[in-house]
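Working through the structure, step by step
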Amino acid sequence: MQKKILGNLGENLVTELLKAQGWQILATQWHCRWGELDIVACDREWLIFVEVKTRTPNNWDLNGALAISKSKQKKIHLSALDFLRCHPQLYDLSCRFDVALVTMNGKNEDLELYSYIASAFSVEAL
């Protein structure tokens, strides 16, 4: 399966899981000069920026966890700031950076959420 298709399927899975938990999806694959925000969602209190990593079996980077480097975190943060500049009505919400790790079952190629890490990183650490 092509990497882009697999990534899109993983993002779709996480989007549907968030919707089922009551989150309102504001954007998917939102682009700016710093990069892409995979999913932006909110409830009445939180605005979350979710980075989704989808991996096939026998991956080398702990199911995508190692791909969230400090430089990647910084790009996500800068992208989130751009998103907020475009949507100032969301300033009152608390912001959070989450990471969703999605894996593919090797036998039937089904995707499943391996791990969801709320508040996976903070901007103070960048």
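All of these numbers come straight from a predicted model, not from anything done at the bench. Within any chain, residue numbers begin from 1 and follow the written order of that chain's sequence. Thresholds applied to this predicted model are a pLDDT of at least 70 for local features of residues and 80 or more for the giving and counting of side-chain atom pairs; totals over whole chains, interfaces and linings are not thresholded and use all residues. Derived side-chain values reflect all non-hydrogen atoms in the structure, with water molecules and hydrogen atoms excluded from consideration.

Aromatic rings from Phe, Tyr and Trp, taking only the six-membered ring of Trp, are treated as a pair when their centres fall within 6.5 Å; an angle between ring planes under 30 degrees marks them as stacked, one over 60 as edge-to-face, and anything in between as tilted. Taken as a whole and assessed by the stated rule, the structure comprises 4 aromatic pairs. On the numbers, 5.1 Å between centres and 80° between planes, the contact of W30 with F83 is edge-to-face. Taken together, the residues span a long stretch of sequence, with W30 in strand β1 (residues 24–32) and F83 in helix α2 (residues 70–86) at a distance of 53 residues. Three labels apply to residues, based on accessible area from a 1.4 Å probe with only protein chains included: buried if under 20% of the type maximum, exposed if over 50%, partly exposed otherwise in between. W30 gets classed as buried once you look at its relative accessible area, which sits at 17%. Joined through ring pairs, the aromatic side chains of W30, F49, F83, F97 and F121 make up one cluster. We count a charge as sitting over a ring when the NZ of a lysine or the CZ of an arginine lies within 6 Å of the ring centre and within 35 degrees of the ring normal. R96 extends its terminal NZ or CZ atom over the ring of W46, reaching a point 5.4 Å from the ring centre. Helix and strand labels come from DSSP, where a helix needs a run of H or I of at least four residues and a strand needs a run of E of at least two; each type is numbered from the N terminus.

The nonpolar side chains of a soluble globular protein tend to be buried, and buried together. Residues belong to one nonpolar core when they are buried, are Ala, Val, Leu, Ile, Met, Phe, Trp, Tyr or Cys, and are joined through side-chain atoms within 4.5 Å. L37, V40, L47, F49 and F83 are the most contacted members of the largest nonpolar core, which totals 19 residues. Put simply, the parts of the chain that give this core at least two residues each are β1, β2 (35–42), β3 (46–55), α2 and β4 (94–104). For this core, the element with the highest residue contribution is α2, accounting for 4 residues. By definition, residues are in contact when any of their heavy atoms lie within 4.5 Å. Beyond its immediate stretch of four places on either side in the chain, V40 contacts Q24, I25, L26, A27, L47, I48, F49 and F83. Counting 10 residues, the second-largest nonpolar core is a separate cluster that includes V14, W23, V52 and A100.

The pairing of β1 with β2 spans 7 bridges and is antiparallel. If you follow H31 over to β2, its bridge partner there is E36. DSSP calls a pair of strands paired once it identifies at least 2 bridges connecting them. With antiparallel pairing between neighbouring strands as the criterion, β1 and β2 make up a hairpin whose turn holds 2 residues.

When the terminal C-alpha atoms of helix α1 (residues 3–20) are compared, their 26 Å separation across 18 residues agrees well with the 26 Å that a helix rising 1.5 Å per residue should span. Tucked inside the fold, the buried residues of α1 contact β1, β2, β3, β4 and β5 (111–121). A positive phi of about 95° marks G22, the residue just after α1. To estimate the expected span of a helix, count its residues, drop one, and scale the result by 1.5 Å.

With that settled, the discussion passes to the pairing of β2. Most of β2 is tucked away, with 7 of its 8 residues classed as buried. In terms of strand pairing, β2 meets β3 through 4 bridges, oriented antiparallel. Across the sheet, the residue bridging to I39 is V50, located in β3. Taking the residues that link successive antiparallel strands as the turn, the β2-β3 hairpin has 3 residues.

Further remarks concern α2. Taking 1.5 Å per residue as the helical rise, α2 with its 17 residues ought to reach 24 Å, and the 24 Å between its terminal C-alpha atoms agrees with that figure. Of all the residues in α2, the buried ones are Q73, I76, S79, A80, D82, F83 and L84. Summarising the contacts, the buried residues of α2 are in contact with β1, β2, β3, β4 and β5.

Such coordinate-based values are descriptive only and should not be taken to indicate function.
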